[in-house]
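Here is what each chain is made of, one letter per residue.
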Amino acid sequence: DQQVKQNSPSLSVQEGRISILNCDYTNSMFDYFLWYKKYPAEGPTFLISISSIKDKNEDGRFTVFLNKSAKHLSLHIVPSQPGDSAVYFCAARDPYGGSQGNLIFGKGTKLSVKP
Amino acid sequence: DSGVTQTPKHLITATGQRVTLRCSPRSGDLSVYWYQQSLDQGLQFLIQYYNGEERAKGNILERFSAQQFPDLHSELNLSSLELGDSALYFCASSVGGDDEQYFGPGTRLTVT
């Protein structure tokens, strides 16, 4: 059973518009959430994170929102650029699970930003 | 460039064989993690080492094993390979045990 779900396998957005990538999780004990970006033939690259004590974290064009009651987080990219085209993985840390401190990843959402 | 290196980049081998994947963490990082990414799957955590000691185990098969050496590089050993073991294997490192993880470029394993 997936503990971290990214229900949209792909997303297409026009350059300059907002990209919104969504992620749902099932375990309320998760205390830290991260987004990674992955280009083909490369490893995932850390993008932005948020602690469970916050509901928003911003870094330039990237903002992550956390709704703990809904067990939902989203990544907003504004404005979207063609170079943002990549697969985005949502990840959560379970501090009390068997893999203490390790990350549980979603399956990813492929973002395509069209010029 | 994350600073994490993995060798080889590609590996093609036959069923039943054994292979070793190698990872060098970023300078100063004590933790090494191994992940498997199969087709259409997310990253599945396999195992973590911290300063030479096994710290956590995920969905790692008994046919797989890993170790971290005194110089902090790590090796993932995969034996009795099956077709289903074909995947991308990523190594990641972090400073401590629960910081942001930085990923290497991966090793693509193809079992024929």
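Placed above this text is the structure.
Residues numbered from 1 in each chain as written. Chains lettered and ligands numbered in written order. Predicted model: local features only at pLDDT ≥ 70, side-chain atom pairs only at ≥ 80, totals over all residues. Heavy atoms only, no water.

(A) Representation of the sheet that holds strand β1 (residues 5–7) of chain B. Residues and elements named next belong to chain B. The antiparallel open sheet is built from 4 strands, whose spatial order is β1-β3-β8-β7. Every other strand in the sheet has two partners, leaving β1 and β7 (64–68) as the edge strands with one partner each. Strand-to-strand, the axes of this sheet are offset by a mean angle of 15 degrees, without reference to chain direction. One ladder, built from 5 bridges, connects strand β3 (residues 19–24) with strand β8 (residues 74–78); its direction is antiparallel. Note on β8: the bridge partner recorded for Leu21 is Leu76. (Pairing = 2+ DSSP bridges. Helix = DSSP H or I, 4+ residues; strand = E, 2+ residues; numbered from the N terminus. Axes fitted to C-alpha atoms, helices over the stretch in contact; angles between N-to-C directions.)

(B) Highlighting the state of the cysteines. Taken as a whole and judged by the stated rule, the model has 2 disulfides over all chains. Here A:Cys23 pairs with A:Cys90 through a disulfide, and the sulfurs are 2.0 Å apart. Handedness here is read from the sign of the S-S torsion; for A:Cys23 and A:Cys90, about -75 degrees, the answer is left-handed. Of this pair, A:Cys23 sits in strand β3 (residues 19–25) while A:Cys90 sits in strand β9 (residues 86–93), placing them 67 residues apart in sequence. Taking the relative accessible area as the measure of exposure, A:Cys23 reaches 1% and is therefore buried. A:Cys90 gets classed as buried once you look at its relative accessible area, which sits at 0%. At a sulfur-sulfur separation of 1.8 Å, the disulfide partner of B:Cys23 is B:Cys91. (Disulfide = S-S within 2.5 Å. Buried < 20%, exposed > 50% of the residue type's maximum accessible area, 1.4 Å probe, protein only.)

(C) Structural context of the interface of chain B and chain A. Each partner contributes to the interface: chain B provides 20 residues, whereas chain A provides 21 residues. Between chain B and chain A lies a buried interface of about 1,500 Å² when both sides are counted; carbon and sulfur atoms form 53% of it. The largest contributions to the chain B side of the interface with chain A come from B:Leu43, B:Glu100 and B:Phe103, which together make up 31% of the buried area. At the surface where chain B touches chain A, the tally comes to 2 residue pairs in polar contact (both at pLDDT 80 or more). Within the residue set of the side of chain B that touches chain A, elements represented by two or more residues are β4 (31–37), β5 (44–50) and β6 (53–57) of chain B. Tallying contributions element by element places β4(B) first for the side of chain B that touches chain A, with 3 residues. Across the side of chain B that touches chain A, the residue classes break down as 8 nonpolar, 8 polar and 4 charged. (Contact = heavy atoms within 4.5 Å. Buried area = accessible area lost by both parts, 1.4 Å probe. Polar contact = N/O pair within 3.5 Å; in protein donor to acceptor, adjacent residues only side chain to side chain. Nonpolar A, V, L, I, M, F, W, Y, C, P; charged D, E, K, R; others polar.)

(D) Summary view of the pattern of salt bridges. All names here are of chain B. Overall, the coordinates contain 6 salt bridges over all chains when judged by the stated rule. The salt bridge partner of Arg26 is Asp29, with a shortest N-O separation of 2.8 Å. Asp29 sits in the buried class, given a relative accessible area of 1%. Among the salt bridges present, the one from Glu82 reaches Arg63, with a minimum N-O distance of 3.7 Å. Taken together, the residues span a long stretch of sequence, with Glu82 in the loop between β8 and β9 (87–94) and Arg63 in the loop between β6 and β7 at a distance of 19 residues. A single network of salt bridges, built from pairs that share partners, joins Arg63, Glu82 and Asp85. (Salt bridge = Lys/Arg side-chain N within 4 Å of Asp/Glu carboxyl O.)

(E) Region of interest: the sheet that holds strand β8 (residues 72–77) of chain A. All names here are of chain A. Reading across the sheet, the 5 strands line up as β1-β3-β8-β7-β6 and stay open at both edges, with antiparallel pairing between neighbours. Strand pairing shows two members of the sheet lacking a second neighbour, β1 (4–5) and β6 (56–59), which therefore form its edges. Two elements, β3 and β8, share 6 bridges in a ladder whose sense is antiparallel. Pairing of Asp24 across the sheet is with His72, part of β8.

(F) Structural view of the pairing of β6(B). Residues and elements named next belong to chain B. Sheet topology places β5 next to β6; 4 bridges connect them, and they run antiparallel. Bridge pairing links Ile47 to Lys57 in β6. The loop that links β5 with its antiparallel partner β6 comprises 2 residues; one of these, Asn51, has a positive phi angle of about 50 degrees.

That is the geometry; function is a separate question.
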